[in-house]
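Residue-level structural notes
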Amino acid sequence: MQKIRKFLSNRMSIHIMVLLGLAALWGFIETENKYLLLLTALSFAGAICGGFVTIIDKMNKRS
């Protein structure tokens, strides 16, 4: 669990997930392949989850 938490809270991995989501969205626009929408949603959800993990970790370190 700690490895996943460390990976998700890494700033670079959050930005990579957002970039992958944008690339999948662009691929959907070009090809109309509906599976790319699933990949877009999963990538953005991972980025949001990583952002929340980062915020929670910083709040726990503060208190």
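Scroll up a little and you will see the structure.
To start, this report covers the structure provided alongside it. (Residues numbered from 1 in each chain as written. Predicted model: local features only at pLDDT ≥ 70, side-chain atom pairs only at ≥ 80, totals over all residues. Heavy atoms only, no water.)

1. So, the overall build of the chain
When helices and strands are tallied, the chain shows three helices and zero strands. Ordering the α and β elements of the chain from the N terminus gives α-α-α. Relative to the 2.2 N^0.38 estimate, which gives 11 Å for 63 residues, the radius of gyration of the chain is 14 Å and therefore markedly larger than a compact globule would have. Once the C-alpha set of the chain is aligned to its principal axes, its extents read approximately 50 × 20 × 15 Å. Counting all 63 residues of the chain, 22% fall into the buried class. For the chain, restricting intrachain contacts to residue pairs at least 6 apart in sequence, the fraction spanning at least 24 positions comes to 54%. (Helix = DSSP H or I, 4+ residues; strand = E, 2+ residues; numbered from the N terminus. Rg over C-alpha atoms; globule rule 2.2 N^0.38 Å. Buried < 20%, exposed > 50% of the residue type's maximum accessible area, 1.4 Å probe, protein only. Contact = heavy atoms within 4.5 Å.)

2. A closer look at the packing of helix α1 (residues 2-9) against helix α3 (residues 35-62)
At their nearest, the axes of α1 and α3 sit 8 Å apart, and the two run at 100° to each other. When the axes of α1 and α3 are compared, the pair comes out roughly perpendicular. Along its contact with α1, which presents Arg5, Leu8 and Ser9, the element α3 presents Gly46, Cys49, Gly50, Val53, Thr54, Ile56 and Asp57. Among the residues forming the contact of α1 with α3, the class breakdown is four nonpolar, four polar and two charged. (Axes fitted to C-alpha atoms, helices over the stretch in contact; angles between N-to-C directions. Parallel < 35°, antiparallel > 145°, perpendicular 65-115°, else oblique. Nonpolar A, V, L, I, M, F, W, Y, C, P; charged D, E, K, R; others polar.)

3. Examining the side chain of Ser43
Topologically, Ser43 is positioned in helix α3. What Ser43 contacts, discounting residues up to four positions off in sequence, is Met17, Val18, Leu20 and Gly21.

4. A closer look at a nonpolar patch on the surface
Taken together, the side chains of Val18, Leu19, Leu22, Leu25, Trp26, Ile29 and Leu37 make up a nonpolar region of the molecular surface, amounting to roughly 670 Å² of accessible area. Examining the composition of the nonpolar patch, we find that six residues originate from one element, helix α2 (residues 11-31), more than from any other. Within the fold, Leu37 resides in helix α3. (Patch = residues over 30% accessible without salt bridge, like charges linked within 9 Å, V, L, I, M, F, W, Y side chains within 5 Å. Areas by Shrake-Rupley, 256 points an atom, 1.4 Å probe, with all protein chains shown as cover. Salt bridge = Lys/Arg side-chain N within 4 Å of Asp/Glu carboxyl O.)

5. Things to note about α3
Helix length check: α3 (28 residues) gives 41 Å between terminal C-alpha atoms against 40 Å at 1.5 Å per residue, within 8%. Summarising the contacts, the buried residues of α3 are in contact with α1 and α2. (Expected span 1.5 Å × (residues − 1).)

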